[in-house]
Amino acid sequence: MAEEGHEQDYNIETADAGASATIPMEAGQIKKGGYMMIKGHPCKVLNISVSKTGKHGHAKCNFTATDIFTGKKYEDMIPSTHGTTVPIVNKSEWEVIDINEDGELTLMDEGGNQKTDLNLPSFPEGLDNEIKEAWSGGENSVMVSVQSAVGIEQIIAYKKESNA
């Protein structure tokens, strides 16, 4: 009986999706064009400037980056040997099946799986109308690229398939 109770001490709690959506990385390892978290936002790095080592010996990396979902610009300065977090960014291609009046999309991937929890994108401006026009009430086949990171999913691009 005592042994059974003892095993329960080792129940492993699974982490929520937010915790596993990023990986640790040394600031000096992040490259231009890569991704990093700045103030809780997943960002794409536009520019990195590295300052010389000071009298305490740490080179500092000054990052300029834009939020991958809103395009807002962020800056951060981290000593190159210190750790930071990098979001795990995924992209997937989906075909538009339907767009309702509220801008909610019904999407389908190559495997026939449907997705109904995405709306037309609000960023960049005008992309939502371009997708609607390209789809033209279902006359054309439109593929959208869905980018996901840290529990957020958003359409970032589309392409109109030519009907052969």
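Residues numbered from 1 in each chain as written. Predicted model: local features only at pLDDT ≥ 70, side-chain atom pairs only at ≥ 80, totals over all residues. Heavy atoms only, no water.

## Details of the sheet that holds strand β2 (residues 35-38)
Within a sheet, each strand pairs with its neighbour through backbone hydrogen bonds, oriented either parallel or antiparallel. Using the following cut-off: Strand pairing requires that DSSP identify at least two bridges connecting the strands. Only DSSP runs of H or I covering at least 4 residues are called helices, and only runs of E covering at least 2 are called strands; the numbering of each starts at the N terminus. Throughout, an axis means a line fitted to C-alpha atoms (over the contacting stretch in the case of helices), and angles, computed between N-to-C directions, take values from 0 to 180 degrees.
Taken in spatial order, the four strands make up an open sheet running β2-β3-β4-β5, and their pairing is antiparallel. The sheet terminates laterally at β2 and β5 (73-79), the two strands that pair on one side only. Across the sheet, the axes of successive neighbouring strands diverge by a mean angle of 45°, strand direction being ignored. Bridge count for strand β3 (residues 41-51) against strand β4 (residues 60-67) is eight bridges, and the pairing is antiparallel. Paired with Ile 48 across the bridge in β4 is Phe 63.

## Notes on the pairing of strand β10 (residues 141-149)
Condition: Only protein chains enter the accessibility calculation, which uses a 1.4 Å probe; a residue whose area is less than 20% of its type maximum is buried, one above 50% is exposed, and one in between is partly exposed.
In terms of burial, β10 is largely enclosed, as nine of its nine residues are buried. Here β10 shows no split at all, with Ser 141, Met 143, Ser 145, Gln 147 and Ala 149 on one side and Val 142, Val 144, Val 146 and Ser 148 on the other all buried. Taken together, the six bridges between strand β7 (residues 90-99) and β10 define a ladder with antiparallel strand orientation. Bridging from a neighbouring strand, Glu 95 pairs with Met 143 of β10. Hairpin geometry of β10 and strand β11 (residues 152-161) is characterised by an intervening segment of two residues between the two adjacent antiparallel strands and by a positive phi of about 40° at Val 150.

## What to know about helix α3 (residues 127-135)
What sets the pattern is the α-helix's 3.6 residues per turn: residues three or four places apart point alike. The criterion, for reference: The reported arc concerns the directions from the helix axis to the C-beta atoms and nothing else. Note on contacts: a residue pair qualifies if any of its non-hydrogen atoms lie within 4.5 Å across the two residues.
Taken as a whole, α3 has its buried residues at Leu 127, Ile 131, Ala 134 and Trp 135. Angular distribution of buried residues about the axis of α3 spans 95°; they occupy a single face of the element. Looking at the packing, one finds that the buried side of α3 touches β7, β10 and β11.

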